[in-house]
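Chain by chain, the residues:
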Amino acid sequence: LDDLYQDLLDEGIDNVKILAIGKSQYNSSNSNWTSGNSIPVMIDPSPYTSWSSWGAGQRDLFFLDADGNYQTDFNITSWNYNLIYNTIMDLLPEDALAGDTNGDDILNVLDVVAMVNLVLSGGYDEVADMNSDGTLNVLDVVLLVGIILG
């Protein structure tokens, strides 16, 4: 699992976190996880509240999205690098086209209209924040119009 994590980091994917959770009854085996690995290990003491609340079993791997919501899980006793890698890649958010406020992958006047509506309503959308200043305002609209007009 550590090799997979290092491969993700080497590819510039640094928004994935892997945490191992072990039962305290297996403390003597924790060196298998920690020796030479960078993945943190949390020890779940008896009565194993973390394991119980997740319905976890030995070598179960759980996947959460960026908001911490459960997505899927499976057991990795029979290791399948590609299955785990592909599951992680499928959960990563796709890079959105800056200014594509309506999400159709095309920059046009429809995005300007949607952005103006967001500005007027006091809303916020990271995709619409053209200058990445954390505020959606007329400057973002002007930048989008400039890009569309070329």
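Residues numbered from 1 in each chain as written. Predicted model: local features only at pLDDT ≥ 70, side-chain atom pairs only at ≥ 80, totals over all residues. Heavy atoms only, no water.

Asker: Account for the overall build of the protein chain, naming residues and giving values.
Answerer: For the protein chain, the count of helices and strands is 6 helices and 4 strands. Walking the protein chain from its N terminus toward its C terminus, one meets helices and strands in the order α-β-α-β-α-β-β-α-α-α. Taken over the C-alpha trace, the protein chain has a radius of gyration of 22 Å; the compact-globule value for 150 residues is 15 Å, which it surpasses by more than 25%. With the C-alpha coordinates of the protein chain rotated into their principal frame, the extents come out at 65 × 30 × 25 Å. When the 150 residues of the protein chain are sorted by exposure, 25% land in the buried category. The contacts in the protein chain between residues at least 6 apart in sequence include a share of 34% that link residues at least 24 apart. In the structure as shown, the protein chain presents an accessible area of about 9,600 Å², 52% of it carried by carbon and sulfur atoms. (Helix = DSSP H or I, 4+ residues; strand = E, 2+ residues; numbered from the N terminus. Rg over C-alpha atoms; globule rule 2.2 N^0.38 Å. Buried < 20%, exposed > 50% of the residue type's maximum accessible area, 1.4 Å probe, protein only. Contact = heavy atoms within 4.5 Å. Areas by Shrake-Rupley, 256 points an atom, 1.4 Å probe, with all protein chains shown as cover.)

Asker: Before we move on, can you summarise unusual backbone geometry with the specific residues and values?
Answerer: Cis geometry marks the peptide bond from Ser 46 to Pro 47; its omega dihedral reads 20°. Mapped onto the fold, Pro 47 is located in the loop between β2 (41-44) and α3 (49-54). You will see that Arg 59, though not glycine, has its phi angle at about 70°, which is positive. Among the structural elements, Arg 59 can be located in the loop between α3 and β3 (60-64). In this structure Arg 59 comes out as partly exposed when scored by relative accessible area, which is 46%. For Asp 105, which is not a glycine, the phi torsion comes out positive at approximately 65°. Of note, Asp 105 is situated in the loop between α4 (81-91) and α5 (109-121). The exposure class assigned to Asp 105 is exposed, which follows from its relative accessible area of 62%.

Asker: Which residues make up the packing of aromatic side chains, and what values go with them?
Answerer: Two numbers describe a pair of aromatic rings. These are the distance of the centres and the angle of the planes. Under the definition given, this model contains 5 aromatic pairs. Their ring planes at 50° and their centres at 6.4 Å tell us that Trp 54 and Tyr 70 sit as a pair that is tilted. Residue Trp 54 is located in helix α3, and its partner Tyr 70 is located in strand β4 (residues 70-75); the two are separated by 16 residues in the primary sequence. Note on Tyr 70: relative accessible area 42%, which makes it partly exposed. With centroids separated by 6.1 Å and ring planes inclined at 10°, the aromatic side chains of Tyr 81 and Tyr 85 adopt a geometry described as stacked. Here Tyr 81 pairs with Tyr 85, and both are found in helix α4, just 4 residues apart, close to one helical turn. The ring of Tyr 48 carries the charged tip of Lys 23 above its face, separated from the ring centre by 4.9 Å. (Phe/Tyr/Trp six-rings, centres within 6.5 Å; stacked < 30°, edge-to-face > 60°. Lys NZ or Arg CZ within 6 Å of the ring centre and 35° of its normal.)

Asker: Break down the pairing of β3 for me, with residues and values.
Answerer: Only one face of β3 is buried, namely the one carrying Leu 61 and Phe 63, since none of Asp 60, Phe 62 and Leu 64 on the opposite face is buried. Here β3 hands over to β4 after 5 residues, with Gly 68 in that stretch at a positive phi of 85°. (Pairing = 2+ DSSP bridges.)

Asker: Any details on helix α6 (residues 138-149)? Residues and values, ideally.
Answerer: Between its first and last C-alpha atoms α6 spans 16 Å; for 12 residues at 1.5 Å apiece the expected length is 16 Å, and the two agree. Every buried residue of α6 is listed here: Asp 140, Val 141 and Leu 144. Mapping the buried residues of α6 onto a view down its axis gives an arc of 100°, with all of them on the same face. Away from its buried face, by an angle of more than 90 degrees, α6 presents the exposed residues Val 138, Val 142 and Leu 149. In the core, the buried residues of α6 are packed alongside α5. (Expected span 1.5 Å × (residues − 1). Arc of directions from axis to C-beta.)

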